[in-house]
Amino acid sequence: QQPVQSPQAVILREGEDAVINCSSSKALYSVHWYRQKHGEAPVFLMILLKGGEQKGHEKISASFNEKKQQSSLYLTASQLSYSGTYFCGTEEFFGNEKLTFGTGTRLTIIP
Amino acid sequence: DAGITQSPRHKVTETGTPVTLRCHQTENHRYMYWYRQDPGHGLRLIHYSYGVKDTDKGEVSDGYSVSRSKTEDFLLTLESATSSQTSVYFCAISDRNSNEAFFGQGTRLTVV
């Protein structure tokens, strides 16, 4: 079963912040985040492992609440280059290589 | 860039015909995946492999089969293509060292 992402789409002005949420009905070992530009393949952003770890990548960071089976991706001071569709991917436990992706969140940044 | 290529990149086929998509990697990664991408559904896992001849089903495996006879190749076969299988298909590879999945450039398949 796919994790659920929210919102489905969001439009922001350059410099504004965004939060994308990912929720699963199953216990998780890890959460991955990817970004896909139009017409291109998804590209890895970061992975969060079980333990409530928060990670950062330039102005993009993420958190993982394993008890709630949720992860959030934070984009601060958004740039035009952040536009694209963001996907979370989940693994249920270590050793289970089944990487399942959510339905995606389309982010549009306007000048 | 990770060494992963998909072929063909585009294909149009008729309903009822068999179709095979190929994913080839040069990274010697253990894990390989096939996804389909459709509007409103994101990326849905079809099948995945955790080693040569070791494969398992994903969420949308009906109508698809896979084979992995060597580490570098993962084949996806539509035994009898249907219009509902019109989609963009992505192959991905990963290993446990980096935990990062690398995607191929995708195959756009149209079943008419």
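For the structure itself, consult the block above.
**Student:** Help me understand the state of the cysteines, please; the structure alone is not making it clear to me.
**Tutor:** Between two cysteines, a covalent bond joining their sulfur atoms is known as a disulfide. This structure, assessed with the given rule, holds two disulfides over all chains. What pairs with Cys22(A) in a disulfide is Cys88(A), and their sulfur atoms sit 2.1 Å apart. On the sign convention where negative means left-handed, the S-S torsion of about 70° between Cys22(A) and Cys88(A) marks this disulfide as right-handed. With a gap of 66 residues between them, Cys22(A) in strand β3 (residues 18–23) and Cys88(A) in strand β9 (residues 84–91) connect regions that are remote in the sequence. We note that Cys22(A), like Cys88(A), is buried. The disulfide partner of Cys23(B) is Cys91(B), and the S-S distance across this bridge is 1.9 Å.

**Student:** Would you explain the interface of chain B and chain A in this entry?
**Tutor:** Interface size, as often reported, equals the accessible area lost upon joining of the parts. Across the boundary between the two partners, chain B contributes 23 residues, which contact 22 residues of chain A. Summed over both partners, the interface of chain B with chain A buries about 1900 Å², with 56% contributed by carbon and sulfur atoms. In terms of surface lost to chain A, no three residues of chain B exceed Leu43(B), Glu59(B) and Arg96(B), which account for 29% of the buried area on that side. If you look at where chain B meets chain A, you find six residue pairs in polar contact (both at pLDDT 80 or more). Only β4 (31–38), β5 (42–51) and β10 (101–103) of chain B provide two or more residues apiece to the side of chain B that touches chain A. In terms of residue count, the dominant contributor to the side of chain B that touches chain A is β5(B) (six residues). Its residues assigned to classes, the side of chain B that touches chain A shows ten nonpolar, eight polar and five charged.

**Student:** I keep staring at the packing of aromatic side chains and nothing clicks. Help me out?
**Tutor:** What characterises a pair of aromatic rings is the spacing of the ring centres plus the angle enclosed by the ring planes. All names here are of chain B. Tallying each qualifying case throughout the model produces eleven aromatic pairs over all chains. Look at Tyr 35 and Phe 103: their rings are 5.9 Å apart centre to centre, the planes differ by 40°, and that puts the pair in the tilted class. Placement of Tyr 35 in strand β4 and of Phe 103 in strand β10 is noted, with a sequence separation of 68 residues between them. What makes Tyr 35 buried here is its relative accessible area of 0%. Judged by relative accessible area, Phe 103 falls into the buried class, the value being 8%. Geometrically, the ring pair formed by Phe 90 and Phe 103 is edge-to-face, given 6.2 Å between the ring centres and 85° between the ring planes.

Definitions and limits used
- Residues numbered from 1 in each chain as written.
- Chains lettered and ligands numbered in written order.
- Predicted model: local features only at pLDDT ≥ 70, side-chain atom pairs only at ≥ 80, totals over all residues.
- Heavy atoms only, no water.
- Disulfide = S-S within 2.5 Å.
- Helix = DSSP H or I, 4+ residues; strand = E, 2+ residues; numbered from the N terminus.
- Buried < 20%, exposed > 50% of the residue type's maximum accessible area, 1.4 Å probe, protein only.
- Contact = heavy atoms within 4.5 Å.
- Buried area = accessible area lost by both parts, 1.4 Å probe.
- Polar contact = N/O pair within 3.5 Å; in protein donor to acceptor, adjacent residues only side chain to side chain.
- Nonpolar A, V, L, I, M, F, W, Y, C, P; charged D, E, K, R; others polar.
- Phe/Tyr/Trp six-rings, centres within 6.5 Å; stacked < 30°, edge-to-face > 60°.

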